[in-house]
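Letter by letter, the chains look like this.
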Amino acid sequence: MRKNQKILSIFLAAAAAASVLSLAGCKDKKYEAYDRAGEEYDYYLPDYVKVSRYDGIEVPNISYTASTEDAEKAAKSNIASFCTFEMVTDRPCREGDIVDIVTTCYMDGENYPLYTFKKDSRGYGHSITLGCWDLYIDDVDQAIIGKNAGDSFTITFNLPDPFYRSLEDSGKEVTMDIYISSISEVNYSEADDDFYQKYVGYTKDNYTEYMKHILEDKVNGFIEDYKAEYAWNYVCENSELIKLPEKESEELYESYMDYYRSQAEDKSQSLKEYAKSVFGYDDIEDFKKYVRDLTEDICFKDMIRYYIMRCENIELDQSYYEEKILEYVEDYQIKELEDAESFVDYHYGLDQYKKSLRLQYVNQWIGDHAKVREDVTTYNSSELNK
């Protein structure tokens, strides 16, 4: 009986291995059928990179529904900017105040830029309305309440899980050094229905309902971006680099070095001085190794994208393209697609932009084809993709 079980186990293992090889072979045949003439990395990429499975990556079942309390906080934070206010120095912070803070935040001993707010050229840090969930966490607000302008202090706390603003950091411990620059007391008593109607176009109750939709769109947008990023990171972490294509790897390295040389020149610095002042490298050879590692990683990931794009014959989705190009030019007050395309064509080259965007769209495609695990509702779960 034991012998038969052993033979069966060997047979099943062989069958599973054959299945994986068959699937890989199937993908490689699809890759061969793609006309890659004229594209970058126009090699037989299975010789350069072994790509993991990329369809049906498991992601957690995370979503957000705005509560009335969340919407009321968001509405209060927005309406505060239209109310009259007065800077105060004779009392501590309390809920509803607008406080200006300067912070340095750390995670795992490294600077955490999401919650690091430095002074700008006017001497201001970052303003938040206390108690209004401006930072998507309550710990910072609660630590500031009761403190005075000019106070400096340090807090340590764990981000919630899920942490909607940056889901990959859910549950992690952060330390924040906080300096309170100023406290302003807001006159909320003037914010009646007529006030709301004048400044935001809604009555107070209707504006709260409107903010529910705004919050849900914003936070669920964070979540969808995260799911695509989670699935893409899984593919990268489980793919294997066989060898780098010398041509593209070297071109990418030189293009980055040329960029850094031009940045150094603009600052009237040598490349060594620039590497020290911007990146903290004392040794120029260490800086060059950093750039080499960076560009090799970009090359590796681009090959993964090209492989998947060719196997699945992925074309740039028109709605994705329109959304991204309009986002790209929104700071220039450009609203129409035709104007956006003209702007991008002049400054960047529209064809090159579309090529870059098509590669980015591969990440979105992987996210769109991910499988949501209904039973997993937190980021930090070992149950995914076993």
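Everything quoted here is computed from the prediction, not taken from an experiment.

Student: Please explain the overall build of the protein as it appears in this structure.
Tutor: Looking only at helices and strands, one finds eleven helices and ten strands in the protein. Across its three principal directions, the C-alpha atoms of the protein cover 80 × 65 × 45 Å. Here the protein holds 386 residues, and 40% of them are scored as buried. Within the protein, contacts between residues at least 6 apart in sequence are counted, and of these 73% link residues at least 24 apart. Approximately 22200 Å² of the protein is accessible, and the part contributed by carbon and sulfur atoms is 46%. The centroid of the 44 positive side-chain charges in the protein is displaced by 7 Å from the centroid of its 79 negative side-chain charges.

Student: Sorry if this is basic, but what is going on with helix α4 (residues 193–200) here?
Tutor: In an α-helix there are 3.6 residues to a turn, and that puts residues three or four apart on one side. Phe195, Tyr196 and Val200 are the residues of α4 that are buried. Buried positions in α4, seen along its axis, are confined to an arc of 95 degrees and lie on one side of it. Across α4 from its buried face, at more than 90 degrees, point the exposed residues Asp194 and Lys198. In this structure, the buried side of α4 is in contact with α2 (68–80) and α5 (204–238). For α4, the N-terminal capping position is held by Asp192, with its side-chain oxygen 3.3 Å away from the main-chain nitrogen of Asp194. Phi turns positive one or two residues past the end of α4, at Gly201, with a value near 80 degrees.

Student: Looking at this structure, I do not really get the confidence of the model for the protein. What am I missing?
Tutor: In low-pLDDT regions, the fine details of the predicted coordinates are not to be read closely. With 93% of its residues at a pLDDT of at least 70, the protein reaches an overall mean of 89. For the protein, the element scoring lowest by mean pLDDT is helix α1 (residues 2–33), at 48; strand β9 (residues 240–241) scores highest, at 97.

Student: When you look at the packing of aromatic side chains in this model, what are you seeing that I'm missing?
Tutor: Two aromatic rings, taken as a pair, are described by how far apart their centres are and by the angle between their planes. Summed over all chains, the structure comprises 32 aromatic pairs. Ring centres 5.9 Å apart and planes at 25 degrees place the aromatic pair Tyr207 and Tyr210 in the stacked group. Taken together, the positions of Tyr207 and Tyr210, both in helix α5 and three residues apart, correspond to about one turn of that helix. Using a relative accessible area of 32% as the deciding quantity, one classes Tyr210 as partly exposed.

Student: I tried to follow the pattern of salt bridges on my own but got confused; where do I start?
Tutor: Should their charged atoms come close, side chains of opposite charge can pair. Evaluated as defined, the whole model comprises 23 salt bridges. Residue Glu285 pairs with Lys288 through a salt bridge whose shortest N-O separation is 3.8 Å. Remark: Lys288 and Glu285 occur in helix α8 (residues 284–311); sequence separation between them is three residues, near one turn of the helix. One connected set of salt bridges, linked through shared partners, spans Glu39, Arg310, Glu315 and Arg358.

Scoring rules and cut-offs
- Residues numbered from 1 in each chain as written.
- Predicted model: local features only at pLDDT ≥ 70, side-chain atom pairs only at ≥ 80, totals over all residues.
- Heavy atoms only, no water.
- Helix = DSSP H or I, 4+ residues; strand = E, 2+ residues; numbered from the N terminus.
- Buried < 20%, exposed > 50% of the residue type's maximum accessible area, 1.4 Å probe, protein only.
- Contact = heavy atoms within 4.5 Å.
- Areas by Shrake-Rupley, 256 points an atom, 1.4 Å probe, with all protein chains shown as cover.
- Lys, Arg positive; Asp, Glu negative; His and termini not counted.
- Charge placed at Lys NZ, Arg CZ, Asp CG, Glu CD.
- Arc of directions from axis to C-beta.
- Polar contact = N/O pair within 3.5 Å; in protein donor to acceptor, adjacent residues only side chain to side chain.
- pLDDT = per-residue confidence, 0-100.
- Phe/Tyr/Trp six-rings, centres within 6.5 Å; stacked < 30°, edge-to-face > 60°.
- Salt bridge = Lys/Arg side-chain N within 4 Å of Asp/Glu carboxyl O.

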